[in-house]
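Tertiary structure, described
The primary structure of each chain is shown beneath.
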Amino acid sequence: MSNRLPFVFGILAVLVFLGFSSIFVVNARQQAIILRFGEIVDVKTEPGIYFKAPFSFFDADNVQMIENRVLRFDLDDIRVQVSGGKFYEVDAFIAYRISDPRVFRSAVSGSIEFAEQRLRTRLDAALRRAYGLRDFEAALSEERGVMMREVADQLRPDATSLGLQIVDVRIRRTDLTQEVSQQTFDRMKAERLAEAERLRARGNEAAQRIRARADREVVEIVAEAQKESEILRGEGDAERSAIYADAYMRDSGFFEFYRSMSAYGTALENSGTTMVLSPSSEFFRFFRDPDDNASAPAAPAVPQSGSGQ
């Protein structure tokens, strides 16, 4: 009996080994490709415990696990040219999943790294085509949504040939290159300076119009005032002449006496002027003629309207 124990343990060990070799587990994030001598014999996409032939060490049945999740591939700092000749730096990414494990195994041997290398080339080309069809401003406008759909549509046939499904394509960043940024800044600066000059010219034009209107109004107001003053002065001179004429008609002697007195007051006023006259001068005739001096106060009073001459 004791001689059979090693044999029994050996058989049990082989059975346990074969049991573990024939069982594999697929979780919710995986898919399993069952290969027999390098050929795909089955694909398991649902989670669970499955069995296979227990001879993987002879390359009989092998299980290759691949992802069943949505994967992301990023493509950064792609330099693309728009239709106007300027350049952008673009960051984008693809969200994809393995939709056909058989095709995926046949196309890239089930390697995500190889698949993403091929996606990189196709995404780069699709982005360049999408940007190349648009001008400088459109690439930064709401057209980005249309551009992303165009890129996704261009990628889908190539992705299907790899056993992949394109879930989404997103452009994360679109920036101007350094030289284009400087050119854009210079252009915007020139536009703002030109706008400032236009505003300044309009302001100067408006100021000149206002100044010319004000000058014209000043001239008109001064001219009107001068006109009214000349009219009033003429009316005053006419009224004064009428008063003088009336006074002369009433009493010519008194009028001459009044005019002489006014002349004395004007000539002898504190003006600092020295006058040398003969006592017998006509200017002093009322001072030497007592009859005239006596008769002057008896004359009727004449109202004074202005200075005598």
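Each remark here, short or long, concerns the structure printed above.
How each quantity is defined
Positions within a chain are numbered from 1, following the residues in the order the chain's sequence is written. Given that this is a predicted model, residues contribute local features only at a pLDDT of at least 70 and side-chain atom pairs are listed and counted only at 80 or more, while totals for whole chains, interfaces and linings are drawn from all residues. Side-chain numbers come from the whole structure's heavy atoms, not from hydrogens or water. Comment: elements are numbered from the N terminus, with helices defined as DSSP H or I runs of at least four residues and strands as E runs of at least two. Residues count as neighbours in contact if any of their non-hydrogen atoms are within 4.5 Å of one another. Accessible areas in this description were obtained via Shrake-Rupley with a 1.4 Å probe; residue shielding takes into account the shown protein chains only. Here, expected helix span is obtained from the residue count minus one, scaled by 1.5 Å. Between N or O atoms, a polar contact is any pair within 3.5 Å; within protein, one atom must be a potential hydrogen donor and the other a potential acceptor, and residues adjacent in sequence are included only when both atoms are from side chains. Under the pairing criterion, centres of Phe, Tyr and Trp rings, with the six-membered ring standing for Trp, must be within 6.5 Å; the plane angle then separates stacked pairs below 30 degrees from edge-to-face pairs above 60, leaving the rest tilted. Per-residue accessibility, obtained with a 1.4 Å probe over protein chains only, is compared with the maximum for each type, and a residue is labelled buried under 20%, exposed over 50%, and partly exposed between these values. In this scheme, the term charge over a ring applies when either NZ of a lysine or CZ of an arginine sits within 6 Å of the ring centre and within 35 degrees of the ring normal. Strands are labelled as partners when DSSP assigns at least two bridges between them. In this analysis an axis means a line fitted to C-alpha atoms, helices contributing only their contacting stretch, and an angle means the value between N-to-C directions, from 0 to 180 degrees. By nonpolar core we mean a set of buried residues, namely Ala, Val, Leu, Ile, Met, Phe, Trp, Tyr and Cys, connected to one another through side-chain atoms within 4.5 Å. Crossings are sorted by hand: turned counterclockwise from the far helix by less than a right angle, the near helix makes the crossing left-handed, and turned clockwise it makes it right-handed. All amino acids are sorted into three groups, where Ala, Val, Leu, Ile, Met, Phe, Trp, Tyr, Cys and Pro are nonpolar, Asp, Glu, Lys and Arg are charged, and the leftover types, Gly among them, are polar. What goes into a patch is any residue over 30% in relative accessible area without a salt bridge, connected to like charges within 9 Å or, for nonpolar side chains (Val, Leu, Ile, Met, Phe, Trp, Tyr), within 5 Å. Throughout this description, the term salt bridge denotes a Lys or Arg side-chain nitrogen within 4 Å of a carboxyl oxygen of Asp or Glu. Oblique is the label for any angle not covered by the other classes, which are roughly parallel (under 35 degrees), roughly antiparallel (over 145) and roughly perpendicular (65 to 115).

1. Things to note about the overall build of the protein
Helix and strand counts for the protein stand at eight helices and eight strands. In the protein, once contacts between residues fewer than 6 apart in sequence are set aside, the share between residues at least 24 apart is 67%. Accessible surface, the protein: about 20200 Å² in total, of which carbon and sulfur atoms supply 56%.

2. Describing helix α3 (residues 112-132)
The end-to-end C-alpha separation of α3 is 30 Å, in line with the 30 Å expected for 21 residues at 1.5 Å each. Packed against the buried residues of α3 are β6 (71-81), β7 (87-98), α2 (101-108), α4 (144-161) and β8 (164-176). The opening residue of α3, the one whose side-chain oxygen lies 3.4 Å from the backbone nitrogen of E113, is S111.

3. Some thoughts on the packing of aromatic side chains
Tallying each qualifying case throughout the model produces one aromatic pair. Ring geometry for Y88 and Y131: centres 6.2 Å apart, planes at 55 degrees, overall tilted. Here Y88, found in strand β7, pairs with Y131, found in helix α3; they are 43 residues apart in sequence, far enough to count as distant. A single burial state applies to Y88 and to Y131, both of which are buried. Sitting above the plane of the F93 ring, R72 keeps its charged end 4.0 Å from the centroid. A cation sits over an aromatic face here: R79 above F87, 4.5 Å from the ring centre.

4. Section: the sheet that holds β6
What the three strands build is an open sheet, ordered β6-β7-β8; its pairing is antiparallel. Only two strands of the sheet have a single neighbouring strand rather than two, namely β6 and β8. Across the sheet, the mean angle from the axis of one strand to that of its neighbour is 20 degrees, orientation sign disregarded. Across nine bridges, the pairing between β6 and β7 is antiparallel. Within β7, the position partnered with R72 by the bridge is A95. Seen against the sheet, α3 touches β6, β7 and β8 and runs at an angle of roughly 40 degrees to β6.

5. Comments concerning the nonpolar core
One finds Y131 and L164 to be the most contacted residues of the largest nonpolar core, which totals 36 residues. Secondary structure elements with two or more residues in this core: β2 (30-36), β6, β7, α2, α3, α4 and β8. Residue contributions to this core peak at seven residues, all from α3. Counting residues in hydrophobic clusters, the runner-up holds five residues, among them F24, V26, I34 and Y50.

6. Looking at the sheet that holds strand β3 (residues 39-44)
Ordered in space as β3-β2-β5, the three strands form an open sheet in which the pairing is antiparallel. The outermost strands of the open sheet, each flanked by one partner alone, are β3 and β5 (61-67). Here the average twist between neighbouring strands, direction ignored, is 25 degrees. Relative to β5, β2 runs antiparallel, the two sharing seven bridges.

7. Looking at the side chain of T174
Tracing the sequence through the fold places T174 in strand β8. Within the local environment of T174, its side chain forms a polar contact with the side chain of Y131, the two groups lying 2.8 Å apart.

8. Things to note about the packing of α3 against α4
Contact pair α3 / α4: the axes reach a minimum separation of 9 Å and the direction vectors enclose 145 degrees. For the element pair α3 and α4, the recorded crossing hand is right-handed. When α3 is examined against α4, the residues R122, L123, A126, L127, R129, A130 and Y131 are found in contact with a partner set consisting of M147, E150, V151, Q154, L155 and D158. Here the residues of the contact of α3 with α4 are counted per class, giving eight nonpolar, one polar and four charged.

9. So, the environment of I34
Along the polypeptide, I34 turns up in strand β2. Spatially, the C-alpha atoms of I34 and Q64 are 6.5 Å apart, while their sequence positions differ by 30 residues. Those residues in contact with I34 that lie beyond four places of it in its chain are F24, E39, I40, V41, D42, K44, N62 and V63.

10. Here's the deal with a nonpolar patch on the surface
Where nonpolar side chains cluster on the molecular surface, the patch consists of I23, V25 and I49 and spans about 280 Å² of accessible area. In this structure, I23 sits in strand β1 (residues 23-26). For I23, a relative accessible area of 37% gives the class partly exposed.

11. Observations regarding the packing of α2 against α3
Between α2 and α3, the shortest axis-to-axis distance is 9 Å and the interhelical angle comes to 80 degrees. Here α3 runs roughly perpendicular to α2, going by the angle between their axes. When α2 is examined against α3, the residues F104, A107 and V108 are found in contact with a partner set consisting of I112, F114, A115 and R118. Classifying every residue of the contact of α2 with α3 by side-chain character gives six nonpolar, no polar and one charged.

None of this, on its own, says anything about what the molecule does.
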